[in-house]
Amino acid sequence: MTEYAEVIVDLSSEQVDRLFTYRVPEGMRLTPGQRVEVPFRTKSLEGFVIDIRDKTELDEKVIRPVLRVLEDYPAVLPELIELAQWMKKRYHCNLVDGLRQMIPAQMRGGRVREKTVDMAALLVKGEALEAAMAANARAPKRQEVLRLLAEGPKPVPFLNSVAPGAAKKLAEMGLIGITESGVRRTPYAALEGGLAPDPELMPAQKAAVERIGAALENGGGRFLLHGVTGSGKTEVYIRVIRQALASGRGAIILVPEISLTPQMVDWFRRRFGGDAAVLHSRLSAGERFDEWRRIRSGEAKVVIGARSAVFAPLERIGVVIVDEEHESSYISDKRPRYDAREVARWRADRHGAALILGSATPSIATYMRAMPGVKPVNRLELIEMNERVKGRALPEVQVVDMRDELVRGNKSIFSAALMSAMQETLDAGRQAILFINRRGYSTFVSCRACGYVERCNQCDVSMTYHQADGMLHCHYCGDMRLPPKLCPQCGSRFIKYFGTGTQKVEEEVRSLFPQAKTLRMDVDTTGAKDAHETILSAFRRGEAQVLVGTQMIAKGLDFPNVTLVGVVAADLSLHVPDYRSVERTFQLITQVAGRAGRAEYPGKVILQTYDPEHYGIELAAKQDYRAFYFKEVTMRRRGLYPPFTVLARLLVSSKSEETARAAALDLEARFNELLDSRPDWRRDVVQMRALEAPLKTLRGEARWQVFIKMYARPSADEVISQMEALERLEFEGARVELEVNPNAML
Ligand SMILES: [Zn+2]
Ligand SMILES: [Zn+2]
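Sequence order sets the numbering: in each chain, residues are counted from 1 along the sequence as written. Throughout, the order in which chains and ligands are written sets their labels, letters from A for the former and numbers from 1 for the latter. Reporting of local features is limited, given that this is a predicted model, to residues whose pLDDT is at least 70; pairs of side-chain atoms are given and counted only at 80 or more, and all residues count toward the totals for whole chains, interfaces and linings.

Details of the overall build of the protein chain
Link 1 in the chain: Going along the chain from the N terminus, every DSSP run of H or I of four or more residues is numbered as a helix, and every run of E of two or more is numbered as a strand. Within the protein chain one finds 22 helices and 30 strands.
Link 2 in the chain: Radius of gyration (C-alpha) of the protein chain: 30 Å, near the 27 Å computed for a compact globule of 746 residues.
Link 3 in the chain: C-alpha extents for the protein chain along the principal axes are approximately 100 × 70 × 60 Å.
Link 4 in the chain: Note that contacts rest on C-beta atoms placed from the backbone: two residues are in contact if these are within 7 Å. Of the contacts made within the protein chain by residues no fewer than 6 positions apart, 73% connect residues no fewer than 24 positions apart. Computation of the radius of gyration draws on C-alpha atoms, with the globule rule given as 2.2 Å multiplied by the number of residues to the power 0.38.

Considering helix H10 (residues 285–296)
Because each turn of an α-helix spans 3.6 residues, side chains separated by three or four positions in sequence point in the same direction.
Link 1 in the chain: Working rule for helices: expected span equals 1.5 Å times residues minus one. Helix length check: H10, at twelve residues, gives a terminal C-alpha distance of 16 Å against a target of 16 Å (1.5 Å per residue), a fit within 8%.
Link 2 in the chain: Burial in H10 covers these residues: Glu-287, Arg-288, Phe-289, Asp-290, Glu-291, Trp-292, Ile-295 and Arg-296.
Link 3 in the chain: The inward-facing, buried residues of H10 contact strand S11 (276–279) and strand S12 (302–305).
Link 4 in the chain: Once H10 finishes, Gly-298 follows within two positions and takes phi at roughly 90 degrees, a positive value. To assign burial, the other C-beta atoms lying within 10 Å of each residue's own C-beta are counted, with C-beta atoms placed from the backbone; 20 or more indicates buried, 12 or fewer indicates exposed, and intermediate counts indicate partly exposed.

Some details on the packing of helix H7 (residues 203–217) against helix H8 (residues 233–246)
Link 1 in the chain: Angles shown run from 0 to 180 degrees and are taken between the N-to-C directions of axes, each axis being a line fitted to C-alpha atoms and, for helices, limited to the stretch in contact. Interaxial distance between H7 and H8 falls to 9 Å at its minimum, and their mutual angle equals 35 degrees. The two elements H7 and H8 cross, and the hand of that crossing is right-handed. Across from Gln-205, Ala-208, Val-209, Ile-212, Gly-213 and Leu-216 in H7, the residues of H8 making contact are Glu-235, Val-236, Arg-239, Val-240, Gln-243 and Ala-244.
Link 2 in the chain: Residues are grouped as follows: nonpolar covers Ala, Val, Leu, Ile, Met, Phe, Trp, Tyr, Cys and Pro; charged covers Asp, Glu, Lys and Arg; every other residue, Gly included, is treated as polar. When its residues are assigned to classes, the contact of H7 with H8 shows seven nonpolar, three polar and two charged. Definitions for this section: a left-handed crossing has its near helix turned counterclockwise from the far helix by less than a right angle. A right-handed crossing has that turn clockwise.

Observations concerning the nonpolar core
Here is a general trend for soluble globular proteins: nonpolar side chains tend to be buried in one another's company.
Link 1 in the chain: A set of buried Ala, Val, Leu, Ile, Met, Phe, Trp, Tyr and Cys residues, joined through C-beta atoms within 7 Å, is what we mean by a nonpolar core. Ile-252, Leu-254, Val-303, Val-319 and Ala-354 are the most contacted members of the largest nonpolar core, which has 142 residues in total.
Link 2 in the chain: If near-sequence neighbours (up to four positions away) are discounted, Ile-252 is found in contact with Val-303, Ala-309, Val-310, Ala-312, Leu-314, Ile-317, Val-320 and Ile-321.
Link 3 in the chain: Of all hydrophobic cores here, the second largest spans 25 residues; its members include Ala-648, Leu-650, Val-706 and Val-719.

Points about the domain arrangement of the protein chain
Link 1 in the chain: When cut into domains, the protein chain gives domain 1 (3–110), domain 2 (115–183), domain 3 (203–390), domain 4 (396–443 + 499–638) and domain 5 (645–740).
Link 2 in the chain: Here the C-alpha centroids of domain 1 and domain 2 sit 44 Å apart. Domain extents, as shown, originate in an automatic or database domain assignment.

Some words on the sheet that holds strand S19 (residues 464–466)
Link 1 in the chain: With antiparallel pairing, the three strands of this open sheet are ordered in space as S19-S20-S21. Both outer strands of the open sheet, S19 and strand S21 (480–481), are each paired with one neighbouring strand and no more.
Link 2 in the chain: Pairs of strands are assigned from DSSP output, requiring at least two bridges between the strands. Where strand S20 (residues 471–473) and S21 come together, two bridges link them in antiparallel fashion. Counted as the bridge partner of His-473 is Met-480 from S21.

Structural notes on the sheet that holds strand S14 (residues 354–359)
Link 1 in the chain: Across the sheet, which stays open at both edges, the seven strands sit in the order S11-S12-S10-S13-S14-S9-S15 with parallel pairing between neighbours. Since the sheet does not close on itself, it has two edges, and those belong to S11 and strand S15 (381–385), each with one partner. Each adjacent strand pair in this sheet contributes to an overall mean axis angle of 15 degrees, direction not counted.
Link 2 in the chain: Pairing of strand S10 (residues 250–254) with S12, which is carried by four bridges, proceeds in the parallel orientation. Of the residues in S12, the one forming a bridge with Ile-253 is Ile-304.
Link 3 in the chain: Against the sheet, H7 contacts strand S9 (221–227), strand S13 (317–322), S14 and S15, and its axis sits at roughly 160 degrees relative to S15.
Link 4 in the chain: Where helix H9 (residues 262–272) meets the sheet, it contacts S11 and S12, and its direction lies at approximately 160 degrees from that of S11.

A short note on the packing of helix H17 (residues 581–593) against helix H18 (residues 615–622)
Link 1 in the chain: For the pair H17 and H18, interaxial distance at closest approach is 9 Å and the crossing angle is 25 degrees. The orientation of H17 relative to H18 falls into the category roughly parallel. The handedness of the crossing between H17 and H18 is right-handed. Residues Val-582, Thr-585, Phe-586, Ile-589 and Thr-590 of H17 form the contact with H18, whose own contacting residues are Gly-616, Leu-619 and Ala-620.
Link 2 in the chain: Of the residues belonging to the contact of H17 with H18, the class tally is five nonpolar, three polar and no charged. Orientation is classified from the angle alone, with under 35 degrees giving roughly parallel, over 145 giving roughly antiparallel, 65 to 115 giving roughly perpendicular, and any other angle giving oblique.

Side note on the environment of Gly-501
Link 1 in the chain: With respect to the secondary-structure elements, Gly-501 resides in the loop between strand S22 (495–498) and helix H15 (502–512).
Link 2 in the chain: Residue class for Gly-501 comes out buried when judged on the 27 C-beta atoms lying within 10 Å of it.
Link 3 in the chain: Sequence separation of Gly-501 and Glu-291 is 210 residues, and the distance between their C-alpha atoms is 40 Å.
Link 4 in the chain: Beyond its immediate stretch of four places on either side in the chain, Gly-501 contacts Ile-436, Arg-438, Arg-439, Gly-440, Tyr-441, Ser-442, Thr-443 and Thr-464.

Considerations on H9
Link 1 in the chain: All of the buried residues along H9 are Val-265, Phe-268, Arg-269 and Phe-272. Seen end-on, H9 carries its buried residues on one side only, within an arc spanning 100 degrees.
Link 2 in the chain: Packing partners of the buried residues in H9 comprise S11 and S12. As used here, the arc is the angular range of directions from the helix axis to the C-beta atoms.

Remarks on unusual backbone geometry
For residues that are not glycine, phi is negative in most cases, and the peptide bond is trans in most cases.
Link 1 in the chain: The amide bond that connects Arg-335 to the next residue, Pro-336, takes the cis arrangement and shows omega of -10 degrees.
Link 2 in the chain: Secondary-structure assignment places Pro-336 in the loop between S13 and helix H11 (340–351).
Link 3 in the chain: Of the consecutive residues Pro-642 and Pro-643, the connecting peptide bond is found in the cis state with omega at 5 degrees.
Link 4 in the chain: Here Pro-643 is to be found in the loop between helix H19 (625–639) and strand S27 (645–654).

Focus: the environment of Asp-10
Link 1 in the chain: With respect to the helices, strands and loops of the structure, Asp-10 is situated in the loop between strand S1 (3–9) and strand S2 (20–24).
Link 2 in the chain: Judged by C-beta crowding, with 20 C-beta atoms within 10 Å, Asp-10 ranks as buried.
Link 3 in the chain: Sequence-distant contacts of Asp-10, that is, excluding residues within four places in its chain, are made with Leu-45, Glu-46, Gly-47, Val-96 and Arg-108.

A look at the environment of Thr-261
Link 1 in the chain: Along the chain, Thr-261 falls in the loop between S10 and H9.
Link 2 in the chain: Along the primary structure Thr-261 and Leu-536 are separated by 275 residues, whereas in three dimensions their C-alpha atoms are 9.3 Å apart.
Link 3 in the chain: Aside from chain neighbours lying at most four places away, what touches Thr-261 is Glu-533 and Leu-536.

In structure tokens form, the structure reads like this:
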């Protein structure tokens, strides 16, 4: 009986976003999820088999056959085909955009495959082997190879290192056989010292494990694990994962990419050994493929990775964990623009697994779902862990009003309090972290006589002075130039450098505490491969006493000897024009403060600010998440900001300001027509208009936007679909991109 394969071709285009029917040739066996090569128009394409049928309504004669099977197993599990179908609806993408997430990118186009090695084995033994040895008496190298193979099969490359060409010759003589065999590229060296033992749990940890564990056994559940910094959330994850493994199920744990340090990876492997597979961006394509294969084959059941690991091909899942759930990196900024937390929830539901969203500073939208009055379909069960492990105290936070410092004549970037705390810390042989969320030396260069500010020629931003190379840098496009000696506008010599970045803080530390060694961690020092880890491990080993850094140092790091954290300018991120700026500031301060006093010595945090009465600063200093949440929710409700509304925009970029403006106005007009035809949509729209983007030019392109704010009601999804259609309109000389609740709307 003839079979037909329904195939999605691997081409991301709306025109081909449907099933194409192919005949399965005689003798070929196919199942849904397998990848195939099929003829398409005049060429051949890779594709995903979605369904197999035994009949078709199409004319037999026009149906072409499948050309080739790419892998002998289904690369995409049936569940993940369904997930791709759900993503198509939820994120308005093509089905193939979803399917592509399910396999390592390099598998497409056959750019990576199983690594193989030629293995040689003897084909003769006993007397025949002795005869062969005798026959090769004049070829000692060949004899040597035969002797080695008498111990067992050996890889050909190894034999070639002993006697080049001998194996090939022996194979030609029919004495040995050579076969290809799969090997794995292991990204990590073998573990030394074996698996680590489980530490004893605190009562709050034990209670959390029991509650989640019960859900895991009883069809699933969704949890928000809100634990203060240092409360031991990771240990809770580990115990729940163990329980999943004990019942024959696997686990996925998502962490922000930046937390996937070799130290973290090693630590997970110490607890789970070969059961753990790690997916992160530093793996080579081959290593990534091999880890994926270990998961797909069922060999590795615990998957730890960044955002895309949520698509790991596990067949039975007991728990899905999203650590540091407030991180914006869980939302993909490329098509398909998925939210890994939503995908995690879909998979957990599908498997009857437990879902854990964990954080010390949950996002406002997530915490809201753990509050009373939420519909059951969205509800999260709140589990709180309010104490640090081993009874360690949360660090003491001292807020310093920098305005008072100025009054007292202190013009330094360090307050008197921070200076003396630094001195004490260094005297005691401990370490300090200084946090400032801005890189470079001075953040802008300006003329004191006329107010001229050096700006990038390509972007609508001021340039930052970097002392390391003595140049002005644009942090948006990377453009560089020498700082002016005279003001280009009025010719004055009074060019001054304002603002503080990581480089200046580092320099200040060096001049004030010359005996201390410092390390700096920001985008400029972490460009090289592994630089990130090199700096962190040097600091952990105590090779420096002070670490200066941007938000890179705020995340999940654990340095036992750090007793002081200085937040040099707490209000820097407060005045970013974004509705989440207060939430981000609160999260950053709380997270960075959490780096202090994680071992036996108590920690201290000094928070320097010009705005000590601001609720974001005040409540971060108290580390009072709940109070912050209620205050912030009130502000959002009043200002009609998410999660009460949905923000989206169509961003138009063009070399010509006029073209960008015209395209934006055209889009606005079409949008208005659309809303006129649907009064129910119009009612739910708070605001919709075309205007210049806050960042007017970027990389030499003018930017306009059609901005929309809607109530978070079902209609919002329909309106977004319409915006997708508008995004696909073509404008001569302009590009249109849709952004929905983007991480920043610049
Ligand atoms: Zn001037
Ligand atoms: Zn620029």
